[in-house]
Amino acid sequence: MKKISIILSILLLGGIALLSPSCVDFSFDPVAPRVDSTNLTANTTIAELKAMYPGELYQLDETTFFERDSIIIEGVVISDDKEGNFYKSLFIQDETGAIELKLNKTTLYNEYKRGQKVVVYCNGLYLGDYGGQIQLGSIYSNNGNWEISGLEGDPIISQHVFKKGSTLTEITPLVMSTAELKPSNIGKLVKFEDVQIKDTLNKLTNTVFTFADSENKITLNHELVSCSQAYTSPIVLRTSGYSKFANNEIPTGNGWVVGILTYYKGTYQLLMRDLNDISFTNDRCQL
C-alpha cells in the first residue's frame, strides 16, 4: 500500500510540473503576413462586367457566363481607407472602367495599397447598385429585402479576391471635362482642374466651412464649380464625418482636386483619399 502511495505521489508531482507555466514553452514563430498570389487571368473587362447588370440585384452564376466557365476581372486599387473617407470597399480600375468592390472589413489599406493589382473571381458574387452606382459584392436581408453588401470575413474574401504581384501600378487620373462626366467613368480616379468650392463661408457663424462635421459624424457635400466650363450635372466634393480630415477647413482658393468619381441619384460625387488630393492655391475666379 505504501509503495502504491509513493508511485501516485511521483505521478502527481510530475503532472504538476508538466502544467507549470515555467516548464512550458509558450514561444511561437512569428506569423508571416499573408501574401496572395494567383495564376488567374482576367477573361472579362470591368466595363463588360458592369454591362451585365440588368438594373436589379443579379447573381453572377452559371447562367451568366454564356460560353465561359467563370467571370474573372482584374484591376488596380485606386481607393484608400487610411484617412477614413472610404468604408469597407475597394475601388478597382482597368483600362475600360472601374467598379466598387464591397468587402465587410476595415483598414483595407494594410492589405490592398493604392496601385496593388487584384484579380476578382466573380462566380457566386452579386451585382447591385446604390443610388445608381453599380457595386460588386454579396447580399444581406434588410427587413426581408435583399440588398448588396460586403463579402463577409477573410475566409470568403480569400475565395474571391487575390493580390497579383508585388509591384504597385500608378494610375494617372482622368482629367474631367463636361464630355467625360458620364456613367462609364463612375468609379474611376479623376481630376478636376481650375475649380473651386462654390460656397466657402458659413453665413450663420461667419467661419469657413469644414470638409465635414467631425463632432456629429455627419457627411457633408460641397458643390464644385469650374471657372472654365459649365458642368451639365451637379458635382460635389463629398467627405465623411468619420474621416481624419473632416474637421479641416475647406480651401477657399482655386485649383485642382483628385478623387474617386461616384454617383448618387443624379449627382456626381468626388471622394478624396487624403489632403494630398487637393491643391487650391490660386485666386478664386469670378463666376
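Below: a short report on this structure. (Residues numbered from 1 in each chain as written. Predicted model: local features only at pLDDT ≥ 70, side-chain atom pairs only at ≥ 80, totals over all residues. Heavy atoms only, no water.)

## Brief notes about the overall build of the protein chain
For the record, the criterion: Helix numbering and strand numbering both begin at the N terminus, where a helix is a DSSP run of H or I of at least 4 residues and a strand a DSSP run of E of at least 2. The buried label applies to any residue whose accessible area, calculated with a 1.4 Å probe on protein chains only, is under 20% of its type's maximum; exposed applies above 50%, and partly exposed to all values in between. Residue burial considers only the protein chains on display, and all accessible areas are found by Shrake-Rupley using a 1.4 Å probe.
Per the secondary structure count, the protein chain includes three helices and 19 strands. Looking at the protein chain residue by residue over its 287 residues, the buried ones come to 41%. By element, 53% of the accessible surface of the protein chain is carried by carbon and sulfur atoms, the whole surface being about 16000 Å².

## Focus: unusual backbone geometry
Unlike most non-glycine residues, threonine 107 shows phi in positive territory, near 45 degrees. Secondary-structure assignment places threonine 107 in the loop between strand 4 (98–104) and strand 5 (117–121). Overall, the relative accessible area of 41% leaves threonine 107 in the partly exposed class. Unlike most non-glycine residues, asparagine 206 shows phi in positive territory, near 55 degrees. As for its placement among the helices and strands, asparagine 206 is situated in the loop between strand 13 (201–202) and strand 14 (207–208).

## Quick word on the pattern of salt bridges
Quick note on the threshold: Between Lys or Arg on one side and Asp or Glu on the other, a salt bridge is scored when a side-chain nitrogen of the former is within 4 Å of a carboxyl oxygen of the latter.
Evaluation of the coordinates by the stated rule reveals eight salt bridges. In this structure, the salt-bridge partner of glutamate 74 is lysine 117, at a minimum N-O distance of 3.9 Å. Here lysine 117 lies in strand 5 and glutamate 74 lies in strand 2 (residues 72–77), a separation of 43 residues in the sequence. With its nearest N and O atoms 2.3 Å apart, the salt bridge here joins glutamate 111 to lysine 105. Linked through salt bridges whose partners overlap, the residues forming this network are Glu74, Lys117 and Lys164.

## Quick look at the nonpolar core
So the rule is basically this: Definition of nonpolar core: a set of buried residues of the types Ala, Val, Leu, Ile, Met, Phe, Trp, Tyr and Cys, connected through side-chain atoms within 4.5 Å. Contacts between residues were defined by any pair of non-hydrogen atoms, one from each residue, lying within 4.5 Å.
Of all hydrophobic cores here, the largest spans 25 residues; its most connected members are Leu49, Ile73, Ile99, Leu103, Tyr112, Leu127 and Leu136. Among the elements of the structure, helix 2 (46–51), strand 2, strand 3 (89–93), strand 4, strand 5 and strand 7 (133–142) are those that each provide at least two residues to this core. The dominant element in this core, judged by the number of residues it contributes, is strand 4, at three residues. Those residues within four positions of leucine 49 in sequence are excluded, and the remaining contacts are Thr44, Leu60, Ile71, Ile73, Ile99, Cys122, Leu127 and Leu136.

## Regarding the state of the cysteines
Here a disulfide denotes a covalent bond joining the sulfur atom of one cysteine to the sulfur atom of another. Let me state the cut-off plainly: Put simply, a disulfide is two cysteine sulfurs that come within 2.5 Å.
Following the criterion strictly, the structure yields one disulfide and no others. Each sulfur of the disulfide joining cysteine 227 and cysteine 285 lies 1.7 Å from the other. On the sign convention where negative means left-handed, the S-S torsion of about -80 degrees between cysteine 227 and cysteine 285 marks this disulfide as left-handed. With cysteine 227 in the loop between strand 15 (220–226) and strand 16 (235–239) and cysteine 285 in the segment after strand 19 (278–282), the pair connects residues that are 58 residues apart, well separated along the chain. In this structure cysteine 227 comes out as partly exposed when scored by relative accessible area, which is 26%.

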